[in-house]
Amino acid sequence: MSAHIQWIDRLHRGEVLSAGEFAELIDRRTPELSEYLFSLARRVSRARFGNQIFTRGLIEISSFCKNNCRYCGIRRGNPNAQRYRLSEEEILCCCDMGERLGYKTFVLQGGEDAFFTDGRLIPLIQEIKRRHPDCALTLSLGERSRESYQALFDAGADRYLLRHEAADPQLYRALHPPEMEWENRVRCLYDLKEIGYQVGAGFMVGAPGQTSRHLARDLCFLAELKPQMVGIGPFVPHHDTEYRDRPAGSVELTLFLLGLIRLMLPDVLLPATTALGTVCPDGRERGVLAGANVVMPNLSPAEVRKKYSLYDNKLSTGAEDAGHWSELQARMQAIGYELTSQRGDAPGYGR
Ligand code: 5AD
C-alpha cells in the first residue's frame, strides 16, 4: 500500500511510471488509494483551473459511418442504425443556439461520412468562425489525410478529438475490422499535433478483452503523445453489436484512470464524459471530483439525438442537454464547482 502511495506521489511530482507500475497500481488499487489519488488530482486541477468547469456544446452532425468498429452502434454493418445527416443550415443553427446558451466551444462530431468532404467542411468552418469569432471550433470526424487536417485547420478549426481507442496494436486489431490500422490512427494524432491543433486522444475503459496491461499502455501512450485533451469513458454495450452481452466498464476504474491522467498531464482538458454519466447517475460529478474539468452537453437538434446511438441508453436529456445549463450548473455548484462560458483553450493555444 505505502509503495503505491509513493508511486502516486512520484506521478504528482512529474515523474512517469513504467507500464508495469501503472498495471500494478490499477490491479492493486483500494478505495483508500483511490481517495488519496483523487485528493491530489483535485488539488492539481484546482491549482490550474480554480473551481471552473469548461463547457463544450456537442453537435452530432452525422450518423453515417464508413467504419465498422465492433463496439459501436453506428458502425457501417448495423442495418438497424438510423442514419441522418445535419444540413449546413442546421449545424449553423445549433452553433447560434449554443452561443446564446453560453457555450464558446462547438464540437462537430460524426461518423466517418464521405459526404463531409473538405469542399463542404471548409465553407462551413469559415461561416461558423465568421458568425462566432470568439468561439473555439473542435472537430471529431475521424481519420483523414494530413492534407485534409491542414485544410480544415487553415479554415479555422482549433481542436480535434480522435480517441486512439487502444495503444496496444493487438487490442486495437481485436476491437476493429482489419481495414482499420492502428498505425494510421497514431499517424493521424501526430499529424494533428504537428499542424497545430489542440489534440484529444482517449479510450474506453472496460472494452472487451482489455486488461490492466492494456490500460497501462494507454497511459504510457498518453505520456508520450502529451495531448491537450483526453476523453475516457466506460465501454457500454450496444444491443446491435456482437458485444451486446458484455458487461459495461467500471465507473470506479474510470475514475481511478481520470485521477492518474490528471496527475500525469496536469494541464490536460479532461471531460467527465457522457458515457460516465450514462452508467452512473452522479458520474459527471464523480468525474470532476476525480480530476475532470470539462463537460460536453448535447447541442444536437432533439429529433436526431436518439439516432446518434453509439451505445445503449446514451444520455442526451436532463443535465446532458446543452439547453439545461442551469440544471448542470446546480449539480456542479453542489460539489463546489462552477460552469464557465470561457473558451477554455489549452495553455499556450487559442487564436
Ligand atoms: N461504449 C462506450 N463508448 C463508445 N464509443 C463508441 N462506442 C462505444 C461504446 N459502445 C466511443 C469511442 C469513440 C467515441 C466517439 O465514442 O471511443 O471514439
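Before any of the text, the structure's been laid out above.
Residues numbered from 1 in each chain as written. Predicted model: local features only at pLDDT ≥ 70, side-chain atom pairs only at ≥ 80, totals over all residues. Heavy atoms only, no water.

Caption draft 1: Main features of the sheet that holds strand 3 (residues 105-110). An order of 2-3-4-5-6-7 is seen for the 6 strands of this open sheet, with the pairing classed as parallel. Every interior strand has two partners, whereas the edge strands, strand 2 (57-62) and strand 7 (229-234), have only one. On average, each strand axis in the sheet is tilted by 20° relative to the strand beside it, whichever way the strands run. Where strand 4 (residues 136-140) lies against strand 5 (residues 159-161), 2 bridges are found, and the strand directions are parallel. Its bridge partner lying in strand 5, Leu-139 is registered against Tyr-160. The sheet contacts of helix 5 (residues 118-131) involve strand 3 and strand 4, and relative to strand 4 the element is tilted by about 155°. (Pairing = 2+ DSSP bridges. Helix = DSSP H or I, 4+ residues; strand = E, 2+ residues; numbered from the N terminus. Axes fitted to C-alpha atoms, helices over the stretch in contact; angles between N-to-C directions. Contact = heavy atoms within 4.5 Å.)

Caption draft 2: Local environment of the pairing of strand 3. Along strand 3, 6 of the 6 residues are buried, which leaves the element largely enclosed by surrounding structure. Residues of strand 3 alternate between two faces, with Thr-105, Val-107 and Gln-109 on one and Phe-106, Leu-108 and Gly-110 on the opposite face, all of them buried. As paired elements, strand 2 and strand 3 share 5 bridges and run parallel to each other. Considered in strand 3, the bridge of Ile-59 is made with Leu-108. For the segment spanning strand 2, helix 4 (residues 88-101) and strand 3, crossover handedness is right-handed. Where strand 3 and strand 4 come together, 5 bridges link them in parallel fashion. Bridge pairing in strand 4 places Thr-105 opposite Ala-136. Read from strand 3 through helix 5 to strand 4, the crossover connection turns out right-handed. (Buried < 20%, exposed > 50% of the residue type's maximum accessible area, 1.4 Å probe, protein only. Right-handed = clockwise from strand over helix to strand, strands pointing away.)

Caption draft 3: Helix 1 (residues 2-12), seen in detail. For helix 1, the set of buried residues is His-4, Trp-7, Ile-8 and Leu-11. Each buried residue of helix 1 sits inside an arc of 95° when the element is viewed along its axis, so together they form one side. Structural note: helix 1 exposes Ser-2 and Gln-6 on the side pointing more than 90 degrees away from its buried face. The inward-facing, buried residues of helix 1 abut helix 2 (19-27), helix 3 (31-49) and helix 10 (251-264). Backbone geometry just after helix 1 places Gly-14 at a positive phi near 100°. (Arc of directions from axis to C-beta.)

Caption draft 4: Up close: the site of the ligand. The ligand sits among Tyr-71, Cys-72, Arg-163, Glu-165, Met-204, Pro-234, Phe-235, Val-236, Leu-310 and Tyr-311. In this structure, Arg-163 approaches the ligand through a side-chain N or O atom, which is 2.9 Å from an oxygen atom. The backbone of Val-236 places a nitrogen or oxygen atom 2.7 Å from a nitrogen atom of the ligand. Compared with its free state, where it exposes 410 Å², the ligand has 87% of that area covered by protein. (Near = heavy atom within 4 Å. Polar contact = N/O pair within 3.5 Å; in protein donor to acceptor, adjacent residues only side chain to side chain. Areas by Shrake-Rupley, 256 points an atom, 1.4 Å probe, with all protein chains shown as cover.)

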